[in-house]
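Observations on the three-dimensional arrangement
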Amino acid sequence: MNNLEAAWSLNEIADLLEIKGENPYKIRAYKRAAASITNLQLNLEDLYKEGSLRDVPGVGKAIAEKLEEMITTGKCSMLEKLREEIPPVFRSIPQLPGVGLHAARVIYNNTDIKDLEQLERAARQRKIRALPGLGPKTEVNIIRGLEIIKTQRDSSPLNLASASAEILVGFLSSLDITHRVALSGSIRRGKDTVHDVDIVASVDDKKFIAENFAKHPHVKEVSQSTDNRIEGLTWLGVKFDVMLVEEQEFIPVLFWTTGSKEFFRELTVFAAGKGCRLTGNQVIVDDRVVPVKDEKEIFELLGLSYIPPEIRESPEVIRA
DNA sequence: CAGTAG
DNA sequence: AGGCCTTACTG
DNA sequence: GCCT
């Protein structure tokens, strides 16, 4: 917990209080304290140790307690409570150009809007301009802002990632030493933003691939390369991670790398309860490696109905 | 003047 | 207890 | 909420 993080938290508290319609002076107090800490040359944790948090301008009893909690636990219960209380859409509203906290507050206190979809509908039905203190201007800004968000989503890193993914998968598939190639990770889970391109490939000569991947014209650099794994960057600025596996490992590795991390970890726990071990690259029952030809077999083995990659986000889906 | 932005 | 209240720009 |  550094000074900047603490300041950000206080600022977020101020914003959420403002959306709620709290006392303006209280809001300003949080903002002042945040600004004060942002400019502070001393380290907050040091000040806490010597018990002089309240020497910081704008930090009184209440805010000092919040800082203490943040420093000792890394969290702020007040902030967490506010985040629960106020739907995420109201943290998006002030991000829209020309729409600020005031509009967020009015909408929060005068409507039942709970998500972006409802907000857009209300705006298009001209319900926003009817709210006290808000006019056509705000309404138009909301609609325009939402449009911008959408188009940015459409041209988001996913497009670049997909382009790189297609090229790399195409390259691997074209080799006659390749058996199977599949996209994995967050792309396979259908996420609209991805951090990198994950590919699983079963090939006859892993070493050959590892040594020659860097020569592909679409590959800008290979940062790490072993016989089993190649990490690097494409000319489109997309990171990639290629897992090279034996044919019998293909499905277990695909399953593992598809994730999400939380989902897979929870499933290993669940499997353990059924006497089944899921490692990164094999499925083991009674100390014997069980060959699997597709993911469906893994779920059948565990007595689960098939869970498609798109919903392998949180562990909750396992219990369903 | 009200609302927004920094 | 009671005061605190940015400033500048835009429509 | 902070400050005087």
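Each remark here, short or long, concerns the structure printed above.
All figures in this text were calculated on a predicted structure; none of them were measured in a lab.

Parameters and conventions
Residues numbered from 1 in each chain as written. Chains lettered and ligands numbered in written order. Predicted model: local features only at pLDDT ≥ 70, side-chain atom pairs only at ≥ 80, totals over all residues. Heavy atoms only, no water. Salt bridge = Lys/Arg side-chain N within 4 Å of Asp/Glu carboxyl O. Helix = DSSP H or I, 4+ residues; strand = E, 2+ residues; numbered from the N terminus. Buried < 20%, exposed > 50% of the residue type's maximum accessible area, 1.4 Å probe, protein only. 1 Å grid on protein atoms, 1.4 Å probe; cavity = no way out; pocket = protein on both sides within 12 Å on 5 of 7 lines; lining within 4 Å. Points joined across faces, edges and corners; volume = space filled by probe spheres on them. Nonpolar A, V, L, I, M, F, W, Y, C, P; charged D, E, K, R; others polar. Domains from an automatic or database assignment. Phe/Tyr/Trp six-rings, centres within 6.5 Å; stacked < 30°, edge-to-face > 60°. Core = buried A, V, L, I, M, F, W, Y, C linked by side-chain atoms within 4.5 Å. Contact = heavy atoms within 4.5 Å. Expected span 1.5 Å × (residues − 1). Arc of directions from axis to C-beta. Near = heavy atom within 4 Å. Polar contact = N/O pair within 3.5 Å; in protein donor to acceptor, adjacent residues only side chain to side chain. Pairing = 2+ DSSP bridges.

**Concerning the pattern of salt bridges**
- By the definition in use, this model includes 18 salt bridges.
- A salt bridge links E117 to R121; its shortest N-O distance comes to 3.5 Å. Remark: R121 and E117 occur in helix α8 (residues 116-124); sequence separation between them is four residues, near one turn of the helix.
- The exposure class of E117 is exposed, given its relative accessible area of 56%.
- Three or more residues joined by partner-sharing salt bridges are found here, namely E12, R83 and R91.

**Let's talk about the layout of surface pockets**
- Of the volumes computed, that of the largest pocket is approximately 370 Å³.
- For the lining of the largest pocket, the elements supplying multiple residues, two or more each, are α11 (185-188), β2 (196-203), β5 (239-245), α13 (250-258) and α14 (261-273).
- For the lining of the largest pocket, the leading source of residues is α14, giving four residues.
- Class assignment of the residues belonging to the lining of the largest pocket gives a composition of three nonpolar, six polar and eight charged.
- Composition of the lining of the largest pocket by domain shows at least three residues from each of domain 3 (156-245) and domain 4 (253-319).

**Digging into the packing of aromatic side chains**
- In this structure the tally under the stated criterion is seven aromatic pairs.
- Between F90 and Y108 the ring centres are 5.0 Å apart and the planes differ by 85°, which places this aromatic pair in the edge-to-face class. Taken as a pair, F90 in helix α6 (residues 89-92) and Y108 in helix α7 (residues 101-110) lie far apart in primary sequence, 18 residues in all.
- For F90, a relative accessible area of 1% corresponds to the buried category.
- Summarising the aromatic geometry, the rings of F213 and F240 are spaced 5.5 Å apart at their centres and angled 50° between planes, so their arrangement reads as tilted.

**Some thoughts on the nonpolar core**
- Of all hydrophobic cores here, the largest spans 47 residues; its most connected members are L10, L44, L67, I107, L119, I128 and I142.
- Here this core gets eight residues from one element, more than from any other, and that element is helix α1 (residues 3-20).
- Here this core spans two domains, and each of domain 1 (3-85) and domain 2 (90-150) adds at least three residues to it.
- Discounting residues that sit within four places of it in the chain, I107 has contacts with F90, I93, I113, L119, I128, L131, L134 and I142.

**A look at α14**
- Helix length check: α14 (13 residues) gives 19 Å between terminal C-alpha atoms against 18 Å at 1.5 Å per residue, within 8%.
- By the burial criterion, the buried members of α14 are F263, F264, L267 and A271. The arc that holds the buried residues of α14, viewed along the axis, is 90°, so those residues lie on one side. Away from the buried face of α14 by more than 90 degrees, exposed residues K261, R265, V269, A272 and G273 are located.
- Among the structural elements, α13, β6 (276-278), α15 (295-301) and α16 (316-319) are those in contact with the buried residues of α14.
- Where α14 terminates, the next one or two residues include G275, which has phi positive at roughly 75°.

**Some details on the protein's contact with DNA strand C**
- Neighbouring DNA strand C are the residues Y25, R28 and K137.
- Each atom of DNA strand C within 4 Å of the protein was assigned to sugar, phosphate or base; sugar and phosphate come to 41%.
- A distance of 2.9 Å separates a base nitrogen of DNA strand C from a polar atom in the side chain of Y25.

**Remarks on the pairing of strand β4 (residues 229-234)**
- Sheet analysis places strand β3 (residues 219-225) next to β4, joined by five bridges and oriented antiparallel. Bridge pairing links E221 to L233 in β4.
- Following β3, the chain reverses through three residues before pairing antiparallel with β4.
- As defined by bridge partners, β4 adjoins β5 across five bridges and the pair is classed as antiparallel. Each residue of the ladder has a partner; that of I230, found in β5, is V242.

**Digging into the pairing of β5**
- With respect to burial, β5 is a largely interior element, six of its seven residues being buried.
- Where β2 meets β5, seven bridges bridge the pair, whose relative direction is parallel. Looking at the pairing, V200 lines up with M243 of β5.

**Topic: the environment of A210**
- Along the chain, A210 falls in helix α12 (residues 206-212).
- Distance from A210 to Q224, taken between C-alpha atoms, is 9.8 Å for residues 14 residues apart in sequence.
- Apart from residues no more than four positions distant in its own chain, A210 is found in contact with S225, T226, D227, I230 and L244.

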